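# Structural overview
In case you want the letters, here they are:
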Amino acid sequence: MASSKMDLQHPKIVSQAEWLAARKEHLTKEKEFTRLRDELSRQRRELPWEKVEKQYVFDAPNGKETLAELFAGRSQLIVYHFMFGPGWKEGCPSCSFIADHFDGATVHLANRDVMLAVVSRAPLTEIEAFKNRMGWRFKWVSSYGSDFNQDYHVSFTKDELAKGKVYYNYDMREFPSEEAPGASVFYKDGTRGLFHSYSSYGRGLDILLGVYNFLDLVPKGRDEGGLAYTMSWVRHHDRYENG
């Protein structure tokens, strides 16, 4: 179920000298890609901001917290919009796949003036039960009863879904669920207020997936070509047959 059976078509076998020549040619392209990615990141940091005028309040383990309080004393906040709706038995497997990368990152982010918080529309009791099951420690709060998910285009009403298309990833498109994944970035200025600097959805979240970066190094790659959909192999980490 979780392992691929794809037959690998072996490239030709060559001498060490030929291997090295091919590797160095590809290294030139990798370096070009790295420079392009650095430039794209620089341009991302120069995008305009919008001021957050609405007051958002979340249910947190220690009580109510505003969006500003989620910063926990830092000036930068990354919110991961986790697909977990009210009444769901468990969180989305693909979002869980991404969330498995969070706990190791939070301490490093905190020491670069960044707070990472996860937000879902499920009530806090449901979030806490699933979080405990998965063994996660990161900050996870509930937006249940607020407009936060709708305003950042990661939750859709039944009426919106009934129309056939919803506004997601900056366009009208078909979407199979009332909840969608995404990431939003905020900045808090002590004198001028709170600002939304960036949001990304869909394949834009790939950069958060360290496992995909590992898979891209190996001969079979992500090996998702023959699947019903790209991430259909992903399971909650306590549901794999091996492990």
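Located above this text is the structure these notes cover.
Below is a short write-up of the structure. (Residues numbered from 1 in each chain as written. Predicted model: local features only at pLDDT ≥ 70, side-chain atom pairs only at ≥ 80, totals over all residues. Heavy atoms only, no water.)

## Let's talk about unusual backbone geometry
A positive phi angle, near 55 degrees, is found at A72, a position not held by glycine. Inspection of the secondary structure assignment puts A72 in the loop between strand 3 (63–66) and strand 4 (76–81). One non-glycine residue, D223, adopts positive backbone phi at about 55 degrees. Following the sequence through the fold, D223 ends up in the segment after helix 7 (210–215). (Helix = DSSP H or I, 4+ residues; strand = E, 2+ residues; numbered from the N terminus.)

## Details of the side chain of S200
Inspection of the secondary structure puts S200 in strand 10 (residues 193–201). The exposure class assigned to S200 is buried, which follows from its relative accessible area of 9%. For S200, the residues in contact, after removing those within four places along its chain, are Y170, G182, A183 and L205. (Buried < 20%, exposed > 50% of the residue type's maximum accessible area, 1.4 Å probe, protein only. Contact = heavy atoms within 4.5 Å.)

## Topic: the layout of surface pockets
Computed from the structure, the largest pocket encloses a volume of approximately 1,500 Å³. In terms of lining residues, the largest pocket is bounded by 35 residues, among which S41, R44, G204, I207 and L208 are the most central. Within the residue set of the lining of the largest pocket, elements represented by two or more residues are helix 1 (16–45), strand 4, helix 3 (103–110), strand 5 (114–120), strand 9 (182–189) and strand 10. Split by residue class, the lining of the largest pocket holds 21 nonpolar, eight polar and six charged. Of the voids in this model, the second largest pocket is the one considered here, and its volume is about 610 Å³. At four residues, helix 2 (residues 93–99) tops the list of elements feeding residues into the lining of the second largest pocket. Here the lining of the second largest pocket is built from residues that sort into 16 nonpolar, five polar and four charged. (1 Å grid on protein atoms, 1.4 Å probe; cavity = no way out; pocket = protein on both sides within 12 Å on 5 of 7 lines; lining within 4 Å. Points joined across faces, edges and corners; volume = space filled by probe spheres on them. Nonpolar A, V, L, I, M, F, W, Y, C, P; charged D, E, K, R; others polar.)

## Notes on the side chain of S184
Looking at the secondary structure, you find S184 in strand 9. Relative accessible area serves as the criterion here: at 0%, S184 is assigned to the buried category. Engagement of the side chain of S184 in a polar contact is seen with the side chain of H81, the distance being 2.8 Å. Those residues in contact with S184, other than ones at most four positions away along the chain, are L77, I78, V79, H81, Y152, H196, Y198 and S199. (Polar contact = N/O pair within 3.5 Å; in protein donor to acceptor, adjacent residues only side chain to side chain.)

## Quick look at the state of the cysteines
Tallying each qualifying case throughout the model produces zero disulfides. Free of any disulfide, C92 has its nearest cysteine sulfur in C95, 4.0 Å distant. Owing to a relative accessible area of 1%, C95 belongs among the buried residues under this scheme. (Disulfide = S-S within 2.5 Å.)

## Some details on the nonpolar core
In summary, soluble globular proteins display a tendency toward joint burial of nonpolar side chains. The biggest cluster of nonpolar side chains holds 26 residues, and the ones touching the most others in it are Y80, F82, F102, W136 and W140. Listing elements by their share of this core, those giving two or more residues are helix 2, strand 5 and helix 4 (124–134). The dominant element in this core, judged by the number of residues it contributes, is helix 2, at four residues. Excluding residues within four positions of it along the chain, W136 makes contact with F82, S96, A99, D100, D103, F130, K131 and H237. Counting residues in hydrophobic clusters, the runner-up holds 23 residues, among them Y56, L70, V166 and F186. (Core = buried A, V, L, I, M, F, W, Y, C linked by side-chain atoms within 4.5 Å.)

## Notes on the packing of aromatic side chains
This structure, assessed with the given rule, holds 28 aromatic pairs. On the numbers, 6.3 Å between centres and 75 degrees between planes, the contact of F130 with W140 is edge-to-face. Taken as a pair, F130 in helix 4 and W140 in strand 6 (residues 139–142) lie far apart in primary sequence, 10 residues in all. Residue W140 is classed as buried on the basis of its relative accessible area of 0%. For the ring pair Y152 and F186, a centre distance of 5.5 Å and an interplane angle of 80 degrees mean the geometry is edge-to-face. Of this pair, Y152 sits in the loop between helix 5 (148–151) and helix 6 (158–162) while F186 sits in strand 9; the two residues are 34 residues apart in sequence, bridging distant segments of the chain. No difference in accessibility class separates Y152 from F186, as the two residues are buried. An aromatic cluster is built from Y80, F82, F84, F102, F130, W136, F138 and W140, whose rings are joined through pairwise contacts. (Phe/Tyr/Trp six-rings, centres within 6.5 Å; stacked < 30°, edge-to-face > 60°.)

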